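Single-letter residue listing:
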Amino acid sequence: MRRFFIAGNWKMNLDRAGAVALASAVAKGAVEVGAVDVAVCPPSVYLDAVAQAVRGSAVCVGAQNMYSEPSGAFTGELSAAMLLDLRCKYVILGHSERRHILGESDTLVNKKTHAALAAGLVPIVCVGEKLEEREAGRTADVIRTQVDGSLAGISADQLRRVVIAYEPVWAIGTGKTATPAQAEEVHVDLRKLLAARYNADVAEGVVIQYGGSVNAKNAAELLAQPDVDGALVGGASLKADDFLAIIQAGVELACGR
Ligand code: PGA
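Residues numbered from 1 in each chain as written. Predicted model: local features only at pLDDT ≥ 70, side-chain atom pairs only at ≥ 80, totals over all residues. Heavy atoms only, no water.

Participant: Tell me about the overall build of the chain, residues and numbers included.
Facilitator: The number of helices and strands found in the chain is 12 helices and eight strands. Since a compact globule built from 257 residues should have a radius of gyration of about 18 Å, the 17 Å found for the chain is in line with a globular shape. For the chain, the proportion of its 257 residues judged to be buried stands at 51%. Pairs at least 24 apart in sequence give 74% of the contacts found in the chain among residues at least 6 apart. Of the roughly 11,100 Å² of accessible surface on the chain, 53% is carried by carbon and sulfur atoms. (Helix = DSSP H or I, 4+ residues; strand = E, 2+ residues; numbered from the N terminus. Rg over C-alpha atoms; globule rule 2.2 N^0.38 Å. Buried < 20%, exposed > 50% of the residue type's maximum accessible area, 1.4 Å probe, protein only. Contact = heavy atoms within 4.5 Å. Areas by Shrake-Rupley, 256 points an atom, 1.4 Å probe, with all protein chains shown as cover.)

Participant: Please set out the site of the ligand residue by residue, giving values where relevant.
Facilitator: Residues in close proximity to the ligand total 13 residues, the closest being K11, H95, E167, G173 and S213. One of the side-chain nitrogen or oxygen atoms of E167 is found 2.6 Å away from an oxygen atom of the ligand. Between an oxygen atom of the ligand and a main-chain N or O atom of G234, the distance comes to 2.8 Å. Protein contacts shield 95% of the accessible area of the ligand, which totals 280 Å² for the unbound molecule. In terms of residue class, the shell around the ligand is built from four nonpolar, seven polar and two charged. (Near = heavy atom within 4 Å. Polar contact = N/O pair within 3.5 Å; in protein donor to acceptor, adjacent residues only side chain to side chain. Nonpolar A, V, L, I, M, F, W, Y, C, P; charged D, E, K, R; others polar.)

Participant: Provide a residue-level description of the side chain of N65, including the pertinent values.
Facilitator: With respect to the helices, strands and loops of the structure, N65 is situated in the loop between β3 (59–63) and α3 (80–85). Classification of N65 as buried rests on a relative accessible area of 16%. A polar atom in the side chain of N65 sits 2.8 Å from the side chain of K112. Residues contacting N65, with those up to four places away along its chain left out, are E77, L83, V91, I92, R98, E104 and K112.

Below is the structure:
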């Protein structure tokens, strides 16, 4: 049985006081989350403060990125061990902003995924097509290439500890959400792909989040889709009330699953 997983990706927003205030408000509000896993992913410089603020609550902490090597001359980068040291449970990898603004390849995302798993972090591996790729009917191809590249060499056992986030690039930060049917279609394809590459049992267990303009209003209908197992939330995760409403949508739907 897959659990809902709602994660907030704060991106490069907030200052220290704002991050602590938001984390505290989410921790305070997310009291009866039951079968829903919750995480917030602040800028890395605030991970420590945020981990402190959510300590003892149902809210876990994730990082927005890491590097694939354990240590060494990699100026500006952070290792998996450093994130663990800051009490991170999760790390977002291959977010479309990193792929398309910072030029991250599937090969690099794959190395990071291996490093995260080896260290004991849960990677949230992001995939998603651009608008022109969707319009050209290439969505399934793009997703297949990203999944095969990003998960190369990951065993079936390791896959049980991987979260996948389907985030269509055209829906991120645009206010243009995929319809529940569009999201479900890709999630079903993703699960079929994982079943073909691994096996049906493992594929059934993988948590697949949807991300892209999820908000307090549209969360329930997205999460109601049978293969949508949660949300990776950007803009709406910066407001405690909105993020808590999305978590609440998951809590209510989890009962019926
Ligand atoms: P958004 O971002 O909710 O602001 O569209 C989602 C994401 O990038 O993870």
